[in-house]
Amino acid sequence: QVQLVESGGGLVQTGGSLRLSCAASGFTFSSGAMSWYRQAPGKERELVAAITRRGEGTNYADSVKDRFTISRDNANNKVYLQMNSLKPEDTAVYYCHALLPSDYENRYLEHWGQGTQVTVSS
């Protein structure tokens, strides 16, 4: 079965850095577009960064652009989120997300990891 397992979250001071990892299994990793979302309590889940199946294209939320970098290693079925210059407003649970094709031309499947907590102190 499809599994997405995040790691690398923790407590960091303002201005610090963290690198989140997502280990994927149960599907052909290179066939899936990958992304990171985050959600704080009482807030809607928001897209942070996305990357195409081969890693040639990326997209970022305006709030993290120039601070975060998404990347993927298709040989090892992993996607990363390098977070620099962290701010208290980055505090949230960060989720790994996969969008992959199904056996039907007009259908896609999506999967979520369990999330990893990132806390940025002032």
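Everything that follows concerns the structure shown earlier in this document.
Everything in this summary refers to the structure shown in the same document. As the structure is a prediction and not an experimental result, all values here were calculated from the model.

1. Some points on the overall build of the protein chain
The number of helices and strands found in the protein chain is 0 helices and 11 strands. Written out in order from the N terminus, the α and β elements of the protein chain read β-β-β-β-β-β-β-β-β-β-β. For 122 residues, the compact-globule estimate of 2.2 N^0.38 gives 14 Å, and the C-alpha radius of gyration of the protein chain, at 14 Å, lies within 12% of that figure. With respect to the principal axes defined by its C-alpha atoms, the protein chain has extents near 50 × 30 × 25 Å. The buried share of the protein chain, reckoned over its 122 residues, is 36%. Sequence separation of at least 24 residues holds for 54% of the intrachain contacts in the protein chain that already meet a minimum separation of 6. Within the structure as shown, the protein chain displays about 7,100 Å² of accessible surface, and the carbon and sulfur contribution to it stands at 43%. Distance between charge centroids for the protein chain: 3 Å, based on 12 positive and 12 negative side chains.

2. Focus on the pattern of salt bridges
Between side chains of opposite charge, a pair can form as their charged atoms come close. In the structure shown here, the tally under the stated rule is 4 salt bridges. Among the ionic pairs, Arg38 bridges to Glu46, the shortest N-O distance being 2.8 Å. Residue classification places Arg38 among the buried positions, given a relative accessible area of 5%. Judged by relative accessible area, Glu46 falls into the partly exposed class, the value being 34%. Between Asp66 and Lys65 there is a salt bridge, and its shortest N-O distance comes to 3.9 Å. On the basis of relative accessibility, which here comes to 48%, the residue Lys65 falls in the partly exposed class. The network of salt bridges with shared partners includes Arg38, Glu46, Arg67 and Asp90.

3. Let's talk about the environment of Glu6
Here Glu6 lies in strand β1 (residues 3-7). Judged by relative accessible area, which is 10%, Glu6 ranks as buried. Within the structure, the side chain of Glu6 is placed 3.1 Å from the backbone nitrogen of Gln114, a separation counted as a polar contact. Within the local environment of Glu6, its side chain forms a polar contact with the backbone nitrogen of Gly115, the two atoms lying 2.9 Å apart.

4. Regarding the packing of aromatic side chains
This model, assessed by the stated rule, comprises 3 aromatic pairs. On the numbers, 6.2 Å between centres and 45 degrees between planes, the contact of Phe27 with Phe29 is tilted. Pair check on accessibility: Phe27 and Phe29 agree, each one buried. Between Tyr95 and Trp112, the ring centres sit 6.5 Å apart and the planes meet at 90 degrees, which makes this aromatic pair edge-to-face. Of this pair, Tyr95 sits in strand β9 (residues 92-101) while Trp112 sits in strand β10 (residues 108-112), and the two are 17 residues apart along the sequence. By relative accessible area, Trp112 is classed as partly exposed at 34%. Seen from the ring of Tyr80, Arg19 lies directly overhead, with NZ or CZ sitting 3.9 Å from the centre. Sitting over the face of the ring of Trp112, Arg45 holds its NZ or CZ atom 4.6 Å from the ring centroid.

Criteria and thresholds
Residues numbered from 1 in each chain as written. Predicted model: local features only at pLDDT ≥ 70, side-chain atom pairs only at ≥ 80, totals over all residues. Heavy atoms only, no water. Helix = DSSP H or I, 4+ residues; strand = E, 2+ residues; numbered from the N terminus. Rg over C-alpha atoms; globule rule 2.2 N^0.38 Å. Buried < 20%, exposed > 50% of the residue type's maximum accessible area, 1.4 Å probe, protein only. Contact = heavy atoms within 4.5 Å. Areas by Shrake-Rupley, 256 points an atom, 1.4 Å probe, with all protein chains shown as cover. Lys, Arg positive; Asp, Glu negative; His and termini not counted. Charge placed at Lys NZ, Arg CZ, Asp CG, Glu CD. Salt bridge = Lys/Arg side-chain N within 4 Å of Asp/Glu carboxyl O. Polar contact = N/O pair within 3.5 Å; in protein donor to acceptor, adjacent residues only side chain to side chain. Phe/Tyr/Trp six-rings, centres within 6.5 Å; stacked < 30°, edge-to-face > 60°. Lys NZ or Arg CZ within 6 Å of the ring centre and 35° of its normal.

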